[in-house]
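# Per-entry structural report
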Amino acid sequence: MTQLGLPDTIQACLFDLDGVVTKTAVVHAAAWKETFDAFLREYDGERGRPFDAADYDEYVDGRPRADGVRAFLASRGIDLPEGDPGDPPDARTVHGLGNRKNDLLLEKIRTGGVEVYEGTVRYLDAVRAAGLRTAIVSSSANCRDVLRSVDAEHFFDVRIDGVVAAERNLPGKPRPDTFLAAARDLGVEPSGAAVFEDALAGMDAGRAGGFGYVVGVDRVGQTDALYAHGADTVVRDLAELGDEK
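Our subject in this report is the structure included herewith. (Residues numbered from 1 in each chain as written. Predicted model: local features only at pLDDT ≥ 70, side-chain atom pairs only at ≥ 80, totals over all residues. Heavy atoms only, no water.)

### Observations concerning the pattern of salt bridges
Counted under the stated rule, the structure contains 22 salt bridges. Among the charged side chains, a network of salt bridges with common partners joins Glu46, Arg49, Asp52, Asp55 and Arg76. (Salt bridge = Lys/Arg side-chain N within 4 Å of Asp/Glu carboxyl O.)

Put into structure tokens, the structure is as follows:
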């Protein structure tokens, strides 16, 4: 293992955004809960049960917005029309619900701001100093704006986010395609790249893509689940890796 806590075959590091670089995973979870709870009030019984942390981890965390809506609604046996990406946030469609969540997310970010994880910033500095290439890989269409708001865009050679994925028609996590695209853009084989993720869907993507090392970042007490979904190691903060221990 290198001083970065990675196998010496690793040439590039692929980082998720929310929950790994920035403290926005909790904001996403709150926006999803507010969106789904309001929608579910018109349903009875199990279908109308409020959205909870287990639903977030299983169905929406790390996935593209519309995929998260589809997965969660399917878990409750609820069918909605797909609608269109431009649907208003009050439309009873998959895209309408997703747009409602995004509006709430942006409102929460505007009012509460965004913070970075300082341990991740120190680790990124060390990774860059060691000459490894870096990419940010996020399902969020707001990735670039969030990075700019915390002055972190310069840490990454490549950005594969919700906007780029849509342009290239890349399926989102748990499929590995966005991580594979990042490795390809960096000029490395998947076996030479490490994935850093806090979401179970991201672990699945890392395992499916055949990446050289998968680091699970446990911010919420799901270490066992991260290992079960493919992590090679799990840390509470990237400062625990390598020389930062």
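### Structural notes on the layout of surface pockets
If you add up the space inside the largest pocket, you get close to 760 Å³. Taken together, 38 residues form the lining of the largest pocket, with Arg63, Pro64, Arg65, Ala66 and Ser139 sitting closest to its centre. Contributing elements (two or more residues each) for the lining of the largest pocket: helix H1 (25-40), helix H2 (53-60), helix H3 (65-75), helix H4 (94-112) and helix H7 (162-168). Residue contributions to the lining of the largest pocket peak at seven residues, all from H4. The residue inventory of the lining of the largest pocket, partitioned by class, reads 14 nonpolar, 14 polar and ten charged. By volume, the second largest pocket is sized at about 290 Å³. In this structure, the second largest pocket is lined by 19 residues; those nearest its centre are Ala25, Ala29, Tyr56, Asp57 and Val220. Listing elements by their share of the lining of the second largest pocket, those giving two or more residues are H1 and H2. Across the lining of the second largest pocket, the residue classes tally to ten nonpolar, two polar and seven charged. (1 Å grid on protein atoms, 1.4 Å probe; cavity = no way out; pocket = protein on both sides within 12 Å on 5 of 7 lines; lining within 4 Å. Points joined across faces, edges and corners; volume = space filled by probe spheres on them. Helix = DSSP H or I, 4+ residues; strand = E, 2+ residues; numbered from the N terminus. Nonpolar A, V, L, I, M, F, W, Y, C, P; charged D, E, K, R; others polar.)

### Some words on the pairing of strand S2 (residues 133-137)
Judged by how many residues are buried, S2 sits mostly within the fold: four of five residues are covered. Relative to S2, strand S1 (residues 12-15) is paired through four bridges, and the arrangement is parallel. Bridging across to S2, Phe15 finds its partner in Ile136. Note that S2 and strand S3 (residues 158-160) share three bridges and pair parallel. Along S3, the bridge assignment pairs Ile136 with Arg159. Where the polypeptide runs from S2 across helix H6 (residues 143-149) and back to S3, its parallel neighbour, the crossover connection is right-handed. (Buried < 20%, exposed > 50% of the residue type's maximum accessible area, 1.4 Å probe, protein only. Pairing = 2+ DSSP bridges. Right-handed = clockwise from strand over helix to strand, strands pointing away.)

### A few points about the packing of aromatic side chains
Two aromatic rings, taken as a pair, are described by how far apart their centres are and by the angle between their planes. Counted under the stated rule, the structure contains eleven aromatic pairs. A ring pair is formed by Phe179 and Phe211, whose centres lie 6.0 Å apart and whose planes are at 70°; its orientation type is edge-to-face. Of this pair, Phe179 sits in helix H8 (residues 177-186) while Phe211 sits in the loop between helix H9 (200-208) and strand S5 (213-217), and the two are 32 residues apart along the sequence. Phe179 gets classed as buried once you look at its relative accessible area, which sits at 0%. The class for Phe211 is buried, based on a relative accessible area of 9%. Aromatic ring contacts, followed pair by pair, group Phe15, Tyr123, Phe155, Phe156 and Phe196 into a single cluster. The cationic tip of Arg219 hangs over the ring face of Tyr117; the distance from NZ or CZ to the ring centre is 3.4 Å. (Phe/Tyr/Trp six-rings, centres within 6.5 Å; stacked < 30°, edge-to-face > 60°. Lys NZ or Arg CZ within 6 Å of the ring centre and 35° of its normal.)

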